[in-house]
Amino acid sequence: LADRLQSTIKKITGKGKVSEQDVKEMTREVRLALLEADVNFKVVKQLIARIKERAIGQEVMESLTPGQQVIKVVKDELTQLMGGEQSKIAVADRSPTVIMMVGLQGAGKTTTTGKLANHLRKKHNRNPLLVACDVYRPAAIKQLETLGTQLDMPVFSMGTEVNPVDIAHKAIEQAKEDHRDYVIIDTAGRLHVDENLMDELQSIKNDVKPDEIFLVVDSMTGQDAVNVAESFNEQLDITGVVLTKLDGDTRGGAALSIKSVTDKPIKFAGMGEKLDQLEAFHPERMASRILGMGDVLSLIEKAQTNVDEKQAKELEEKMRTMSFTFDDFLEQMGQVKQMGPLDELMDMIPGAGKMKGLKNAQFDEKQLGQVEAIIQSMTKKERQEPSIINGSRRKRIAKGSGTSVAQVNRLLKQFNEMKKMMKQMTNMQKGKKGKGGFN
Ligand code: GDP
Ligand code: MG
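Residues numbered from 1 in each chain as written. Chains lettered and ligands numbered in written order. Predicted model: local features only at pLDDT ≥ 70, side-chain atom pairs only at ≥ 80, totals over all residues. Heavy atoms only, no water.

Our next topic: the nonpolar core. Formed by 63 residues in total, the largest nonpolar core has its most connected members in Val102, Val131, Phe232 and Ile258. One finds Ile99, Leu120, Met153 and Val242 within the second-largest nonpolar core, a separate group that totals 22 residues. (Core = buried A, V, L, I, M, F, W, Y, C linked by side-chain atoms within 4.5 Å. Buried < 20%, exposed > 50% of the residue type's maximum accessible area, 1.4 Å probe, protein only.)

Structure representation (structure tokens):
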């Protein structure tokens, strides 16, 4: 997708606090990027509304990493849009299960028929019969027969003179006789949706009563693919979609819209011309692809973990051993800035959230900057051993940090209080352990 979305994502990812303005900016970029990627505008509108609602809601605003949460929301919504979980192929109560492949000319029906047969045999241990119902081009029958030879699978054909409905009908009888458990019917396509084609496909459908009707669409055709999907679905009530040529340089917009326009799942993705290049369609992966991911993806994973458990453990250990210094404090602040308010950080530390006093030691963003400056103006020794910070040192630190002595005093006091409370807390925990505890 667009570079602009990427840079917005980067910008928003690190944010400790996300304002409504940020969300607006983000959704504007998402909207543009999606429209650029050929996503249907109605779909975009709905999606943006959902993203806004969630991003401005508590879920994001109250999280530790709101920037990352916003991205996660976008990804979730994209995933949902494409159908959430990927779905399976039907199995009929009575063999054979009949799958009918439909779509425009060149979409990849014949190729996908071969791929699907290969998939059914390899993954599900089935033995399909392929049926050549494209009677308009002799080459089409030949093409399917070639695939059959490559796969070492039977292809049922009756040439170009027989009505495709009869071919399909006979093929199923044949499959029953030969104990074939799947029948995959390759049909003819046209360059555009037209009535004759639809009539023919409807006749086949009415006769063979397929368990699945897979619409094969070329993902390279963008918005057209969506329109095609819409009309095929109206006429034939398809059961699923196969999106081909996703190995190409497609923007993926089609994938996004098809599910929401037809309400039919995208089941497979064609990833190349070869017979094994068919994959189950994973909406989540597609969402990642659309967001250009890679690094973004790992950020989302981070957002999902929320808390760096290792760091929280280390901090707890320091508190326990009372070796917590201003350096640690500073380090924590660095994280605080990325993660959100200090009181939330405290909530992450096991046990600390319950200490009311700690929570009252609140800092707002500006204060945070000043606190940082004060600590940075301390010498190494002062940071390790704050008790040596006497009057003249306080003056020096205030001057160095552009703050007042009163502010330095306040910080030192807060730091001492914090240490005191940590001690209480540690004792309390020890006490609990000593008694065997309930908790
Ligand atoms: P049909 O007219 O719908 O039966 O389409 P075909 O199966 O004959 O495919 C048309 C062209 O698209 C052929 O050259 C295929 O090799 C190619 N094709 C089909 N699926 C894919 C795919 O997933 N990736 C790529 N790169 N090419 C594909
Ligand atoms: Mg074909």
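Our next topic: the site of ligand 1. Of all residues adjacent to ligand 1, which total 17 residues, the nearest are Gly106, Lys109, Thr110, Thr111 and Asp247. Thr111 places a polar side-chain atom, nitrogen or oxygen, 2.5 Å from an oxygen atom of ligand 1. Here an oxygen atom of ligand 1 sits 3.3 Å away from a polar atom, N or O, in the side chain of Lys115. Calculation on ligand 1 without its partners gives an accessible area of 580 Å², and the protein chains cover 80% of this total. Per-element tally for the shell around ligand 1: the top contributor is helix H6 (residues 109–124), with four residues. Its residues assigned to classes, the shell around ligand 1 comprises three nonpolar, nine polar and five charged. (Near = heavy atom within 4 Å. Polar contact = N/O pair within 3.5 Å; in protein donor to acceptor, adjacent residues only side chain to side chain. Areas by Shrake-Rupley, 256 points an atom, 1.4 Å probe, with all protein chains shown as cover. Helix = DSSP H or I, 4+ residues; strand = E, 2+ residues; numbered from the N terminus. Nonpolar A, V, L, I, M, F, W, Y, C, P; charged D, E, K, R; others polar.)

Per the counting criterion, the structure on display carries 15 salt bridges. The salt bridge partner of Arg54 is Glu77, with a shortest N-O separation of 2.8 Å. Of this pair, Arg54 sits in helix H3 (residues 41–56) while Glu77 sits in helix H5 (residues 66–81), and the two are 23 residues apart along the sequence. Judged by its relative accessible area of 5%, Glu77 falls in the buried class. (Salt bridge = Lys/Arg side-chain N within 4 Å of Asp/Glu carboxyl O.)

The subject of this paragraph is the pairing of strand E4 (residues 182–186). Of all five residues in E4, five are buried; the element is thus mostly enclosed. Residues Tyr182, Ile184 and Asp186 point to one face of E4 and Val183 and Ile185 to the other, with burial holding for every one of them. One ladder, built from five bridges, connects strand E1 (residues 97–102) with E4; its direction is parallel. Following the sheet pairing, Met100 is matched in E4 by Ile185. Sheet topology places strand E2 (residues 128–132) next to E4; five bridges connect them, and they run parallel. The residue bridging Pro128 from the neighbouring strand is Tyr182, located in E4. (Pairing = 2+ DSSP bridges.)

Moving on, we come to the packing of aromatic side chains. Scanning the model with the defined rule gives two aromatic pairs in all. With a centroid separation of 6.4 Å and 65° between ring planes, the pair formed by Phe214 and Phe268 is classed as edge-to-face. Of this pair, Phe214 sits in strand E5 (residues 212–218) while Phe268 sits in strand E7 (residues 266–270), placing them 54 residues apart in sequence. When its relative accessible area of 0% is taken as the criterion, Phe214 is described as buried. Seen from their ring centres, Phe326 and Phe415 are 4.0 Å apart, and the 20° between their planes marks the pair as stacked. (Phe/Tyr/Trp six-rings, centres within 6.5 Å; stacked < 30°, edge-to-face > 60°.)

Turning to the environment of Asp76, a few remarks are in order. If you trace the backbone, Asp76 turns up in helix H5. Among the residues examined, Asp76 registers a relative accessible area of 25% and is labelled partly exposed. Measuring from C-alpha to C-alpha, the distance between Asp76 and Pro283 comes to 9.6 Å, with 207 residues separating the pair along the chain.

To continue, consider the UniProt feature "domain: SRP54-type proteins GTP-binding" (unreviewed entry) in the protein. Listed under "domain: SRP54-type proteins GTP-binding" (unreviewed entry) in the UniProt record, and renumbered for this structure, are residues 265–278. Helix makes up 0% of residues 265–278 and strand 43%, and the two end C-alpha atoms of the span are 16 Å apart. (UniProt positions renumbered as here; feature names shortened; annotations may be inferred.)

So, about the packing of H6 against helix H7 (residues 138–151). Direction vectors running N to C along H6 and H7 enclose 25°, while the axes themselves pass 9 Å from each other. Judged by the inter-axis angle, H6 sits roughly parallel to H7. For the pair H6 and H7, the sense of crossing is right-handed. Across from Thr110, Thr111, Thr113, Gly114, Ala117, Asn118 and Arg121 in H6, the residues of H7 making contact are Ala140, Gln143, Leu144, Leu147 and Leu151. (Axes fitted to C-alpha atoms, helices over the stretch in contact; angles between N-to-C directions. Parallel < 35°, antiparallel > 145°, perpendicular 65-115°, else oblique. Left-handed = near helix turned anticlockwise from the far one by under 90°. Contact = heavy atoms within 4.5 Å.)

Before going further, it helps to spend a moment on the pairing of E2. The buried fraction of E2 is high, at five of five residues. Burial along E2 is two-sided: Pro128, Leu130 and Ala132 facing one way and Leu129 and Val131 facing the other are all buried. Relative to strand E3 (residues 155–156), E2 is paired through two bridges, and the arrangement is parallel. Across the sheet, residue Val131 finds its bridge partner in E3, namely Phe156. Considered for its hand, the β-α-β crossover made up of E2, H7 and E3 is right-handed. (Right-handed = clockwise from strand over helix to strand, strands pointing away.)

Bringing the environment of Ser260 into the picture now. You can see Ser260 is positioned in helix H11 (residues 253–262). Residues Ser260 and Leu81 lie 179 residues apart in sequence; the distance between their C-alpha atoms is 6.3 Å. The residues touching Ser260, leaving out its near neighbours within four places in the chain, are Val43 and Leu81.

The eight strands are arranged E3-E2-E4-E1-E5-E6-E7-E8 in an open sheet whose pairing can be described as mixed. With partners counted over all chains shown, the strands left at the sheet margins are E3 and strand E8 (278–280), one partner each. Where helix H8 (residues 164–177) meets the sheet, its contacts fall on E1, E2, E3 and E4, and the angle it forms with E2 comes to roughly 160°.

Residue placement: Thr111 occurs in helix H6. Ignoring sequence-local partners within four residues, the contact set of Thr111 consists of Gln143, Leu147, Glu273 and Leu275.

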